[in-house]
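Structural characterization, general
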Amino acid sequence: MSDTASSQHDVFATTHWSVVQLAGRQDTPRAQRALSTLCAAYWYPLYAYVRRHGHSPHDAQDLTQGFFAALLESNSLANLNPSRGRFRAWLLASLKHFLANEWDRARAAKRGGGQITISLDETDAEERYKLEPFDELSADKIFERRWALTLLDTVVNTLREEYQRDGKGPLFDKLKPCLAGSRESQPYADLAPELGMTEGAVKVAVHRFRQRYRELLRREIAHTVSSPAEVDEELRYLFAVLAG
């Protein structure tokens, strides 16, 4: 097996679908960590979707809590597999079904101390929601945009942790603007004295920084689709969502 093929196999050995199935078990510390990972990645996109549908902040929190509780109660997560396609699409379709049929049940589960409680900071959620372009995005589009931005935040945070682990936290802070800006907006000649490096060394550092970012982005995308062939398509979709 080639290095590339082996790398793809390693990535797809532990996809978000596997995290979903593990979270659905709820019977081990690993399952609890998987559930926390899942909720951290998707609670705000789901919350924003519910808010955009016109529900109050309090009701939106109840519904988001109730939705996760219902998924676990029904054992839907444990029974899922990658053949269902993209996880975000399945999750949004499930939420729509939930909102159409289980409003009263969600409120009862939340008020009565349902089986789980997801840690949602309602104040933080509303502060974030106030920044959304209210008149421009439908509920579906706001979910997709929040999914895309959350995914990119995850990649940047993973990259930051790698640099900090290697004792290169200050280097990360200086190079981070290079991810979005052009060379003209972050001249290597200006960065060199700040980093105590030659301009050529800065160029190499930026190249490696961007390359690692792309690798982590592809890996994170791979965690959300059902086969390696879908990664490029999903990347194009992600950037289309952000551009729209």
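Residues numbered from 1 in each chain as written. Predicted model: local features only at pLDDT ≥ 70, side-chain atom pairs only at ≥ 80, totals over all residues. Heavy atoms only, no water.

Structural notes on the nonpolar core
Stated formally: We define a nonpolar core as any set of buried Ala, Val, Leu, Ile, Met, Phe, Trp, Tyr and Cys residues linked to one another through side-chain atoms lying within 4.5 Å. Burial classes follow relative accessibility: with a 1.4 Å probe on protein chains only, a residue under 20% of its type's maximum area counts as buried, one over 50% as exposed, and anything between as partly exposed. Secondary structure is summarised from DSSP: a helix means a run of H or I of at least four residues, a strand means a run of E of at least two, and numbering begins at the N terminus for each.
Core analysis: the biggest nonpolar cluster contains 63 residues, and Y42, L46, Y49, L91, L95, L151 and L217 have the highest contact counts within it. For this core, the secondary structure elements donating two or more residues are α3 (29-52), α4 (57-73), α5 (87-101), α8 (139-165), α9 (169-175), α10 (188-195), α11 (199-222) and α12 (231-243). By residue number, the principal contributor to this core is α3, which donates 12 residues.

Here's the deal with α10
Note the threshold: The directions from the helix axis to the C-beta atoms form the arc being described. Two residues qualify as a contact provided that any one of their heavy atoms is within 4.5 Å of a heavy atom in the partner residue.
Every buried residue of α10 is listed here: Y188, L191, A192 and L195. Mapping the buried residues of α10 onto a view down its axis gives an arc of 110°, with all of them on the same face. Where α10 is buried, its residues touch α9 and α11.

Let's talk about the pattern of salt bridges
For the record, the criterion: When a carboxyl oxygen of Asp or Glu lies within 4 Å of a side-chain nitrogen of Lys or Arg, that pair is called a salt bridge.
A full pass over the atoms with the stated rule returns seven salt bridges. Measuring nitrogen to oxygen at the nearest pair gives 3.0 Å for the salt bridge that ties K174 to E194. One end of the pair, K174, is in helix α9; the other, E194, is in helix α10, with 20 residues separating them in the sequence. The class of E194 is partly exposed, set by a relative accessible area of 49%.

Regarding the packing of α8 against α11
Rules: Lines fitted to the C-alpha atoms define the axes, with helices restricted to the stretch that makes contact. Angles between their N-to-C directions range from 0 to 180 degrees. Put simply, angles under 35 degrees are roughly parallel, angles over 145 are roughly antiparallel, angles from 65 to 115 are roughly perpendicular, and the rest are oblique. Less than a right angle of anticlockwise turn of the near helix away from the far helix marks a crossing as left-handed, whereas a clockwise turn marks it as right-handed.
Two elements in contact, α8 and α11, have axes separated by 9 Å at closest approach and are oriented at 130°. In terms of their interaxial angle, α8 and α11 are classed as oblique. In the crossing of α8 with α11, the sense of the turn from one axis to the other is right-handed. Side by side, α8 and α11 meet where L151, L152, T154, V155, V156, T158, L159, E162 and Y163 of the first sit next to F209, R212, Y213, L216, L217, R219, E220 and I221 of the second.

Quick notes on the environment of L216
Inspection of the secondary structure puts L216 in helix α11. Dropping the residues within four chain positions of it, L216 is found in contact with V155, T158, L159 and E162.

Some details on the confidence of the model for the protein chain
So the rule is basically this: The predictor's confidence in any single residue is recorded as pLDDT, a number from 0 to 100.
Taken as a whole, the protein chain shows an average pLDDT of 78; of its residues, 70% reach a score of 70 or greater. Mean pLDDT values for the elements of the protein chain range from 40 in helix α1 (residues 3-13) up to 94 in α9. Note on residues 1-15: pLDDT is under 50 here. Beyond four places in sequence and across chains, it has 16 contacts. In this model residues 111-115 is a low-confidence stretch, pLDDT under 50, and it forms four contacts with partners more than four residues away in sequence or in other chains.

Concerning the packing of α10 against α11
Note the following rule: Side-chain classes follow a simple rule in which Ala, Val, Leu, Ile, Met, Phe, Trp, Tyr, Cys and Pro form the nonpolar group, Asp, Glu, Lys and Arg form the charged group, and the remainder, Gly included, forms the polar group.
The N-to-C vectors of α10 and α11 enclose an angle of 100°; their axes lie 8 Å apart at closest approach. Classified by the interaxial angle, the pair formed by α10 and α11 is roughly perpendicular. Across the interface between the two elements, Y188, A189, L191, A192 and L195 of α10 pack against E199, V202, K203, V206 and R210 of α11. Taken together, the residues of the contact of α10 with α11 break down into seven nonpolar, no polar and three charged.

Structural notes on the packing of aromatic side chains
Applied cut-off: Note on ring pairs: Phe, Tyr and Trp rings are taken, using the six-membered ring of Trp, and paired if centres are within 6.5 Å. Classes follow the plane angle, with under 30 degrees stacked, over 60 edge-to-face and the rest tilted.
Per the stated rule, a full pass over the model turns up nine aromatic pairs. Look at W43 and Y47: their rings are 6.3 Å apart centre to centre, the planes differ by 65°, and that puts the pair in the edge-to-face class. Here W43 pairs with Y47, and both are found in helix α3, just four residues apart, close to one helical turn. The same class applies to W43 as to Y47, namely buried. Taken together, a centroid distance of 5.4 Å and an interplanar angle of 80° make the contact between Y163 and F209 edge-to-face. Here Y163 is found in helix α8, whereas its partner F209 is found in helix α11, with 46 residues between them in sequence. Of the two residues, Y163 and F209, both sit in the buried class.

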